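Per-entry structural report
As a plain string of letters, each chain reads:
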Number of protein chains: 2
Amino acid sequence: MNAGARLCVQKYGGTSVADPDRLRAVGARIVRRLESGTGVVVVVSAMGKTTDDLIKLAHQVTARPGGRELDMLLSTGEMVSSALLAMVLRERGHPAIGLTGAQAGVRTDSTFNRARITEIDTRRIEAELAQDQVVIIAGFQGITSEADVTTLGRGGSDTTAVALAAALGAKTAEIYTDVDGVYTTDPRVDPKARKLHDIAYEEMLEMAAQGARVLHPRAVELGLLYDVPILVASSFRDTVPGTIIRRQVAMEPTNRVRGIALDRDVAAVTVRAVPDRPGIAAQLFGPLADAAISVDTIVQNASVERLTDLTFSVAQDDWRRAQEIVEPVARAIGAAEVIADHHMAKVSIVGTGMQTAPGYAATMFRALAEASINIQLITTSDIRITALVADASGEAAVRVLHAAFQLDEPVEASRD
Amino acid sequence: MNAGARLCVQKYGGTSVADPDRLRAVGARIVRRLESGTGVVVVVSAMGKTTDDLIKLAHQVTARPGGRELDMLLSTGEMVSSALLAMVLRERGHPAIGLTGAQAGVRTDSTFNRARITEIDTRRIEAELAQDQVVIIAGFQGITSEADVTTLGRGGSDTTAVALAAALGAKTAEIYTDVDGVYTTDPRVDPKARKLHDIAYEEMLEMAAQGARVLHPRAVELGLLYDVPILVASSFRDTVPGTIIRRQVAMEPTNRVRGIALDRDVAAVTVRAVPDRPGIAAQLFGPLADAAISVDTIVQNASVERLTDLTFSVAQDDWRRAQEIVEPVARAIGAAEVIADHHMAKVSIVGTGMQTAPGYAATMFRALAEASINIQLITTSDIRITALVADASGEAAVRVLHAAFQLDEPVEASRD
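Heads up: these notes are all about the structure in this document. (Residues numbered from 1 in each chain as written. Chains lettered and ligands numbered in written order. Predicted model: local features only at pLDDT ≥ 70, side-chain atom pairs only at ≥ 80, totals over all residues. Heavy atoms only, no water.)

**What to know about the relation of the copies chain B and chain A**
Of the transformation superimposing chain B on chain A, the axial component is 0.1 Å and the angular component is 179°, with the fit at an RMSD of 0.2 Å. Here the symmetry operator amounts to a two-fold rotation axis. Taking C-alpha positions as the reference, the residue of chain B nearest the rotation axis is Thr76(B), at 2.7 Å. Looking at chain B, 100% of its interface residues are interface residues in chain A too, so the copies touch through the same face. (Least-squares fit on C-alpha atoms with pLDDT ≥ 70 in both. Contact = heavy atoms within 4.5 Å.)

**A word on the interface of chain B and chain A**
Accessible area lost during the coming together of the parts is what is often quoted as the interface size. Contacts between the two partners involve 39 residues from chain B, matched on the other side by 39 residues from chain A. Interface area for chain B against chain A, summed over the two sides, is near 3200 Å², with a carbon-plus-sulfur share of 65%. For the pair chain B and chain A, the number of links is 4 salt bridges. Close ionic contact of Arg124(A) with Asp148(B) constitutes a salt bridge, the shortest N to O distance being 2.8 Å. The set of elements that each furnish at least two residues to the side of chain B that touches chain A consists of α1 (20–34), α2 (50–61), α3 (67–91) and β3 (96–99) of chain B. (Buried area = accessible area lost by both parts, 1.4 Å probe. Salt bridge = Lys/Arg side-chain N within 4 Å of Asp/Glu carboxyl O. Helix = DSSP H or I, 4+ residues; strand = E, 2+ residues; numbered from the N terminus.)

**Some remarks on the sheet that holds strand β10 (residues 198–200) of chain A**
Residues and elements named next belong to chain A. Taken together, 8 strands build an open sheet; the order of strands is β3-β6-β2-β1-β9-β11-β12-β10 and the sheet is mixed. Edge positions in the sheet fall to β3 (96–99) and β10, since each of these pairs with one other strand and no more. Recorded for the sheet is a direction-independent mean angle of 20° between the axes of neighbouring strands. Examined bridge by bridge, strand β1 (residues 7–12) and strand β2 (residues 39–44) share 6 bridges and lie parallel to one another. Each bridged residue has a counterpart across the sheet, and for Val9 the counterpart in β2 is Val41. (Pairing = 2+ DSSP bridges. Axes fitted to C-alpha atoms, helices over the stretch in contact; angles between N-to-C directions.)

**Considering the packing of aromatic side chains**
Residues and elements named next belong to chain B. In this structure the tally under the stated criterion is 6 aromatic pairs over all chains. Judged by centre distance (5.2 Å) and plane angle (20°), the ring pair of Tyr12 and Tyr176 falls under stacked. Of this pair, Tyr12 sits in strand β1 (residues 7–12) while Tyr176 is found in strand β9 (residues 173–177), placing the two residues 164 residues apart along the sequence. In terms of burial, Tyr12 and Tyr176 fall into one category: buried. (Phe/Tyr/Trp six-rings, centres within 6.5 Å; stacked < 30°, edge-to-face > 60°. Buried < 20%, exposed > 50% of the residue type's maximum accessible area, 1.4 Å probe, protein only.)

**A look at the packing of helix α8 (residues 280–290) of chain B against helix α9 (residues 319–333) of chain B**
Residues and elements named next belong to chain B. In contact at an axis separation of 9 Å, α8 and α9 are set at 150° when each is read in the N-to-C sense. Here α9 runs roughly antiparallel to α8, going by the angle between their axes. Here α8 and α9 pass one another in a crossing that is right-handed. Note on element contacts: α9 touches α8 through Ala322, Ile325, Val326, Val329 and Ile333, opposite Ile280, Gln283, Leu284, Pro287 and Leu288. By residue class, the composition of the contact of α8 with α9 is 9 nonpolar, 1 polar and no charged. (Parallel < 35°, antiparallel > 145°, perpendicular 65-115°, else oblique. Left-handed = near helix turned anticlockwise from the far one by under 90°. Nonpolar A, V, L, I, M, F, W, Y, C, P; charged D, E, K, R; others polar.)

**Some words on the pattern of salt bridges**
By the definition in use, this model includes 50 salt bridges over all chains. Residue Arg107(A) is joined to Asp121(A) by a salt bridge in which the shortest nitrogen-to-oxygen separation is 3.4 Å. Pair noted here: Arg107(A) is in strand β4 (residues 106–108) and Asp121(A) is in the loop between β5 (117–120) and α4 (123–130), with a separation of 14 residues, a long-range link. Looking at Arg107(A), the relative accessible area reads 30%, which means it is partly exposed. Residue classification places Asp121(A) among the buried positions, given a relative accessible area of 14%. One salt bridge connects Arg384(B) with Glu206(B), and the closest N-O pair in it is separated by 2.5 Å. Taken as a pair, Arg384(B) in strand β18 (residues 384–390) and Glu206(B) in helix α6 (residues 201–209) lie far apart in primary sequence, 178 residues in all. A cluster of three or more residues bridged by salt bridges with shared partners is formed by Arg68(A), Glu69(A), Asp148(A), Arg90(B), Arg124(B) and Glu128(B).

Put into structure tokens, the structure is as follows:
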């Protein structure tokens, strides 16, 4: 697309548009960008706690809100932000138009509450841009082929923004939020956390999936798929540079760990002394899937005397149901017992360099051991090593690893 | 339409759906109707004060909210009610679906903030009804041919309900609200007000236009146009019969005044000693129309020595602007002065029998005179006589006229 090069797509999250004053501040920021001669497409979230409030309202009328009507309900939050921000810009003398997801051409499948974008028909957006309108799009929502409103799941406005940047050919998707970038770890956990200048899509995915809540993982996946760089920056502090999420960044010679992720919403369920026969895993995990319990990590130890231990992790809300579902199966297959520990945390080191360089696992385990932190379970991917530890040790583990991999120090310093 | 006979269209206003408890009560009422074997299409307003709150929010970001984005903003209120009420019904085990105005096929022109319904494409509604869904439609809103959201103006959900009843061939449009029917006058003004069993469309139009806020006038116009009887009844008290608005009701032998209407949002502007030349009225009212000031009553006295007094009424919010606009024109055309009185009220007697029976005006003026209420201006239509009085006398005028036309007594008694 030709227009793309002079077009930017910006997304403002809920805290950035929480009240009229903040909406005005966002308006001022958009105007500065306009004045540089760029076309601007804006994606907005619902104001402040609106989505939570709407969910609470739904809970007051139904035991289990969900499905089509929940999406109709929740989609109103972003519509309100979009309409108000367009008013703010017009009040400043800039032509602006608010569009619902449907009007913006965001087509999705029919999986209510967590729909996937199938296509963006950009004709309306481009027609408005051609008339020098600032286009303000309600994020987080789309429309099915049956004209039903869908939502993309929590954090879905990030996904809307990256998908729009891809569809419109914009150079970057700019995500403005209440943090000023991606850090080596959560600064609330380790005050020594450093902001990264850039991070690779894959690394960010591991960081996000492991609990760094800066950006919705699907937005990063879309960025990776369509090669759309994503800028994460503060919506409050205009002068502070953010973090760019993009294709594989330059290797750093001595430090390939990019960040430490902590996920505290973890419960572990262990089925002990499981007979090591084919089909056992299917018998255990089939009923969990039927109950819509999302199983995260699964680890099965090497078999000893044809018996093995099988551990899996679930969100803390699910541990009791998971145990109830698994126990009768465990009895039926002759396992010894089912143990659940719902106070767990996952600590991960993430970095694209790791798969080709040995020694990271050893450094990680040694650092944790020296801090007397017990590792209950280990899993690895190409660019991540995760240790399951007691939740009480989670934050300490982050700080220990942050120091062990010299993330406390600026990148330049670590080259010495 | 065949289905129409076994179909009812119900509308619930803002106070009827103000909170989860009331939504549940509305749900129970709908279920009772379903159990009688009738298909139900429901139109809902925004919950409680939602629309006012959204307008306040708009005022916080723009000096003069309006246009396309205000409609996008306001339409969310009814979407929320619609989604929640569908959840309520599903929670009770009844299939139900919430539809936006757009999804329900409510097509309008592009006059944002006060759009007119041009057509209702009932295909989606009928498809859902065929699957035994209760169809819950967000009132007050529609969609243009450009897929922009519009609203129908305050009270527009009444209009949605009557238009839907006409389009679907339903026998009646049922409007459930916080009053239990149409009264001979506002019971807060005159405690002796009586509820009417029925009232003709034309009478109701005069009552509504003159300040009886029970039902949106355009809904009544639509009922008249498509001959859809409209039931107005309490959403809180199931057993109390309401009022039916329908074609010309049976004449009552001795009492053709059906009700007394009071409108207290009135300011009068008088241009004194206007030279009586052709084109003067156009010179005066053209600039007011350009400034979007809605002029209600216009009265021009008979000319004395080629000079006339010209009085018009506007809403109280507009009187100062109206005076500012008219003063230079008045000077230019050689009028003596412009006087504004912004504490006025209009009191009207309404009844379809009046045009053929003399004496009503005389009775009205005598009754007001006996109560020492000064009449500043008089206008009449076929079925209405209106007197402009000082606002401080407005309520007393209502009570005087209510008694003078024997509206205090049951209809049966007045036949003696």
